[in-house]
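# Descriptive structure summary
Here are the chains, one letter per residue:
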Amino acid sequence: DPAQDIEACAGDEIRLQVTFDAVSVLWSTGDTSNTIVVRDPGEYWFTATNEEGCSMEDTISVVVKVPVGGGLPIPNVFSPNGDGHNDVFRVEAGEVSAFSMEVFDRWGLKVFESGSMDHAWNGELDNAGKVVPEGTYFYVIKYRDECTDVEFVRTGHVTLLR
């Protein structure tokens, strides 16, 4: 069986292991044990031989996730006019384990909520077909950094232009 690629957080010890019983192993790092510990992203390969003399080669890709922290990029304007540019209010980030977004009008009425970064606001009341007017809307975004498990709350405003 081929070895699985690995995603880990920065600073994690990452254990790479030969996927079958081997009597001799050579890793791209020069190590000769069945299991090695790495901390850096990249591709690690090994050649291993079992008791019967059968050899196997494999490569394991290690991807290190970058913590999002409090620096989640949030747009400050969008224009849901169907031109294919900035048509939705969307927050995009990679390493987030929990996410919620609420959007309110200037009177405090909730016009949109989402539990996923994939569910963007299109400028309609709860994305249900009733268009809301141009103007400034206020958001509360909560998310949890996947690597640090720290929850962040961001508040601010976004301008809707048609």
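In case you missed it, the structure is sitting above this.
Residues numbered from 1 in each chain as written. Predicted model: local features only at pLDDT ≥ 70, side-chain atom pairs only at ≥ 80, totals over all residues. Heavy atoms only, no water.

Take the overall build of the protein next. Of the regular secondary structure elements, the protein holds zero helices and 11 strands. For the protein, the N- to C-terminal ordering of α and β elements is β-β-β-β-β-β-β-β-β-β-β. Considered along the principal axes of its C-alpha atoms, the protein spans approximately 75 × 30 × 20 Å. A buried classification covers 31% of the 162 residues belonging to the protein. Counted over contacts in the protein with a minimum sequence separation of 6, partners at least 24 positions apart contribute 50%. Put simply, the protein shows about 9500 Å² of open surface, and 47% of that area lies on carbon and sulfur atoms. Looking at charge distribution, the protein has the averaged site of its 11 positive side-chain charges lying 15 Å from that of its 28 negative ones. (Helix = DSSP H or I, 4+ residues; strand = E, 2+ residues; numbered from the N terminus. Buried < 20%, exposed > 50% of the residue type's maximum accessible area, 1.4 Å probe, protein only. Contact = heavy atoms within 4.5 Å. Areas by Shrake-Rupley, 256 points an atom, 1.4 Å probe, with all protein chains shown as cover. Lys, Arg positive; Asp, Glu negative; His and termini not counted. Charge placed at Lys NZ, Arg CZ, Asp CG, Glu CD.)

The next thing to look at is unusual backbone geometry. Excluding glycine, residues mostly have negative phi values, and the peptide bonds linking residues are mostly trans. Its identity is not glycine, yet D126 carries a phi of approximately 50°, on the positive side. In this structure D126 comes out as partly exposed when scored by relative accessible area, which is 45%. The phi dihedral of N127 is positive, around 55°, even though this residue is not glycine. Structurally, N127 can be placed in the loop between β9 (110-114) and β10 (135-145).

If you walk through the whole model with that rule in mind, you get seven aromatic pairs. Residues F112 and W121 carry aromatic rings whose centres are separated by 6.3 Å and whose planes lie at 25° to one another, so their mutual orientation is stacked. In this pair, the class of F112 matches that of W121, namely buried. On the numbers, 5.2 Å between centres and 70° between planes, the contact of W121 with Y137 is edge-to-face. With a gap of 16 residues between them, W121 in the loop between β9 and β10 and Y137 in strand β10 connect regions that are remote in the sequence. Clustering of aromatic rings is evident, with ring pairs tying together F78, F89, F112, W121, Y137 and Y139. (Phe/Tyr/Trp six-rings, centres within 6.5 Å; stacked < 30°, edge-to-face > 60°.)

A few words on the environment of G71. Of note, G71 is situated in the loop between β6 (55-65) and β7 (77-78). Relative accessible area serves as the criterion here: at 59%, G71 is assigned to the exposed category. Spatially, the C-alpha atom of G71 lies 26 Å from that of G108, the residues being 37 residues apart in sequence. Those residues in contact with G71 that sit more than four places away from it in its chain are Y143 and R154.

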